[in-house]
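Breakdown of the fold
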Protein chains: 2
Amino acid sequence: MSAIARGNLIARGSESSTVTLAHGGGGRLTQQLIEERFLPRFRNATLDALLDSALISAHGRLAFTTDGFVVRPIFFPGGDIGRLAVCGVVNDLASVGAEPLWLAASFILEEGLPFDQLDRVLDSMAATAREAGIVLVAGDTKVVERGAGDHIYIVTSAIGEPRLDPPPQPRLIRPGDAVLVSGFLGDHGIAVLQAREHFFDELPVVSDCAPLWPLVRGLAEAGVIPHALRDPTRGGLATVIAELSSACGLAFSLDEDTIPVRGPVQAACEILGLDPLYLANEGKLVVVLPEASAEQALETLRSCPLGRDACRIGVVLEDTSGLALLRSRIGGTRILESLSGEQLPRIC
Amino acid sequence: MSAIARGNLIARGSESSTVTLAHGGGGRLTQQLIEERFLPRFRNATLDALLDSALISAHGRLAFTTDGFVVRPIFFPGGDIGRLAVCGVVNDLASVGAEPLWLAASFILEEGLPFDQLDRVLDSMAATAREAGIVLVAGDTKVVERGAGDHIYIVTSAIGEPRLDPPPQPRLIRPGDAVLVSGFLGDHGIAVLQAREHFFDELPVVSDCAPLWPLVRGLAEAGVIPHALRDPTRGGLATVIAELSSACGLAFSLDEDTIPVRGPVQAACEILGLDPLYLANEGKLVVVLPEASAEQALETLRSCPLGRDACRIGVVLEDTSGLALLRSRIGGTRILESLSGEQLPRIC
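These numbers come from a predicted model, not from an experiment.

All names here are of chain A. With their axes 9 Å apart at the nearest point, helix α7 (residues 213-221) and helix α10 (residues 294-302) run at an angle of 135° to one another. Here α7 lies oblique to α10, going by the angle between them. The way α7 lies across α10 gives a crossing that is right-handed. Between α7 and α10, the contacting residues are Leu 215, Gly 218 and Leu 219 on the first element and Ala 297, Thr 300 and Leu 301 on the second.

Here is the structure:
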């Protein structure tokens, strides 16, 4: 092989402006895809070693999570599938009180995906990883034929180090605990739905997609020990509260009046027949914690831009029914159940 | 909500024999999918906690990897996508000398996937995880519409603990090092191709898909310190050798006569115009190590069922061209390059 021959082959590969099946072959074009598009954006010594597994240093207890992202469309107001794929696992780590450290990403690309779309997604992932303080150390790329995928699917996995002791978990929840949420609910669900279906001419709603670790770090630094943390993604706040109440065996009572939903989200929900409590969020934190530290936690959350609109939405009852109860504006009480069926497919 | 209403809803969900979009909604049907199909097969205390991230104990240095699996068809002689998804990451860990410890799996299911197919894949994953000694501690499931996927895609991620010091890596390779392979090449590629296209009436070839850690553990226990380990998957032996030689800057010389390829694989390759050196393997190990420990390593590999047919296939030259050279049966020498383009799409 001469240098010229090698140069020609690389030049031929570069001329294509879309992903081809050959980019998934594991050979030179895969290598080129990695070297031209992935490595420059995520450069670090561990990744650059390009070993079959990343070698990382750790000690003690670790948190480990994985999440798949199939959102449609891949770009939407306030985010894209790349930002979502980083935030998703960072927020899973934050939900057990773990600081995000190492990230791995697997891509399933559809043949014909334009490289400029891939590049935008990768740029967004790289920027979000920097924002979240997590380092991408491993990756994989597969390509499937046209019609066997949908642009890009991304699966991320992440390792973090727990910073809360004990780690927040439902069995710590006690009667009298306060229930807080870090801001407005349903923005992500409506933003993606609008990007997909264009129901409304103009809708001032953007996804809340953001890494939540700063909020949890803030609580940890303030000495607050939450009993449970959750990010209400698919299935929304209602599903998270139903799961928490069922898991700890205590009833939760939420006050509908206090649950923050933006006007345009509420309006869109009314027109479309959706319940904002079941809409997906990608940058909100639900905190269950002792009443004694609730005010301090609210103050801490509000001091961070992500938690500016944090508020108290309910309380854990001395009632072992394990039900999630919603006291409605008109004074009635209804039971919140886990989302049954599919409200909005491929919302994340 | 009455117990009867809940029971009815669950019964309705259970009646479906295929995956529906609602199984990806993050609510009750997702929960049911997890509780009925996933948890029983992978039961362990860490997973059962069902936290947003698995909490695992670790110390010191770790290996971390991710790999996506899109093989078509999902069942093939000698394996299936579930077995492949476990072996793939276990073998990535083995390639850096790490013992497999913790596994995470993300599923992208196509609407309409029959549950009996999902169950077979999950059974196979669970059995392979037990065989490999790795514990599934985290998972995720998404469902996409019919025509936006192809049955099942699985992305696995894994954490392992390095047991070789220094970890094998190309920069350790020295002139004079021996090159070994643990057995016959190309079985996986031909088995999948035959399952997909039925080129031949009967072909006695099954995938070699297997977890390689026992081979690496054997080498470690024998005190052998390999300079490099690789599992030649997509792109085959040729691509691995081309990558290793390029990475260490030394030429490799392989002896075609000594490279083990089964008769039926060789015959199928001749008829189909394929080169067995570029075919994917999913249970083979390439070992580069000091000549002084080559015989002991061969003996160790052969003492394990997976390495029964291990043999020596080449040597690292005192030649800084970084080329991968193949001395052919008829006496000529050709340069092995990384796979250029796509030989067999979706082979893993």
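Resuming the write-up.
All names here are of chain B. Inspection of the sheet shows strand β7 (residues 178-181) paired to strand β11 (residues 311-316) by four bridges, in the antiparallel sense. Counterpart to Ala 178 in the pairing with β11 is Val 315. Judged from the three bridges that link them, strand β9 (residues 252-255) and β11 form a sheet pairing that is antiparallel. Among the inter-strand pairings, Ser 253 is bridged to a residue of β11, identified as Val 315.

Residue and element names in this part refer to chain A. Of the two faces of strand β7 (residues 178-181), the one carrying Ala 178 and Leu 180 and the one carrying Val 179 and Val 181 are both buried. In the sheet, β7 pairs with strand β10 (residues 286-289) via four bridges, with the strands oriented antiparallel. Across the sheet, the residue bridging to Leu 180 is Val 287, located in β10.

Time to look at the interface of chain B and chain A. Quoted interface sizes are often the accessible area lost when the parts come together. Of the residues lining the interface, 81 residues belong to chain B; the matching set on chain A comes to 81 residues. Summed over both partners, the interface of chain B with chain A comes to about 6,300 Å²; 57% of that surface belongs to carbon and sulfur atoms. Run the count over chain B and chain A and you get 12 salt bridges. Between Arg 230 of chain B and Asp 52 of chain A there is a salt bridge, with the nearest N and O atoms lying 3.3 Å from each other. Taken together, chain B and chain A are joined by 39 residue pairs in polar contact (both at pLDDT 80 or more). Sorting the residues of the side of chain B that touches chain A by element identifies α2 (28-42), β1 (54-69), α4 (81-94), β4 (98-110), β5 (135-144), β6 (152-162) and α8 (236-248) of chain B as the ones contributing at least two each. Take the side of chain B that touches chain A: its biggest share by element is 15 residues, from β1 of chain B. Classifying every residue of the side of chain B that touches chain A gives 39 nonpolar, 25 polar and 17 charged.

Quick look at the sheet that holds β9 of chain B now. Strands in a sheet are paired, the pairing made by backbone hydrogen bonds, and the direction either parallel or antiparallel. All names here are of chain B. In space, the seven strands of this open sheet follow the order β8-β10-β7-β11-β9-β12-β13, with mixed pairing throughout. Both edges of this open sheet fall to β8 (228-230) and β13 (333-336), since each of them pairs with a single strand only. Here the average twist between neighbouring strands, direction ignored, is 25°. Here strand β12 (residues 324-327) runs beside β13; their pairing, made up of four bridges, is antiparallel. Residue pairing across strands places Ala 324 opposite Leu 336, the latter belonging to β13.

So, how was this worked out
Residues numbered from 1 in each chain as written. Chains lettered and ligands numbered in written order. Predicted model: local features only at pLDDT ≥ 70, side-chain atom pairs only at ≥ 80, totals over all residues. Heavy atoms only, no water. Axes fitted to C-alpha atoms, helices over the stretch in contact; angles between N-to-C directions. Helix = DSSP H or I, 4+ residues; strand = E, 2+ residues; numbered from the N terminus. Parallel < 35°, antiparallel > 145°, perpendicular 65-115°, else oblique. Left-handed = near helix turned anticlockwise from the far one by under 90°. Contact = heavy atoms within 4.5 Å. Pairing = 2+ DSSP bridges. Buried < 20%, exposed > 50% of the residue type's maximum accessible area, 1.4 Å probe, protein only. Buried area = accessible area lost by both parts, 1.4 Å probe. Salt bridge = Lys/Arg side-chain N within 4 Å of Asp/Glu carboxyl O. Polar contact = N/O pair within 3.5 Å; in protein donor to acceptor, adjacent residues only side chain to side chain. Nonpolar A, V, L, I, M, F, W, Y, C, P; charged D, E, K, R; others polar.

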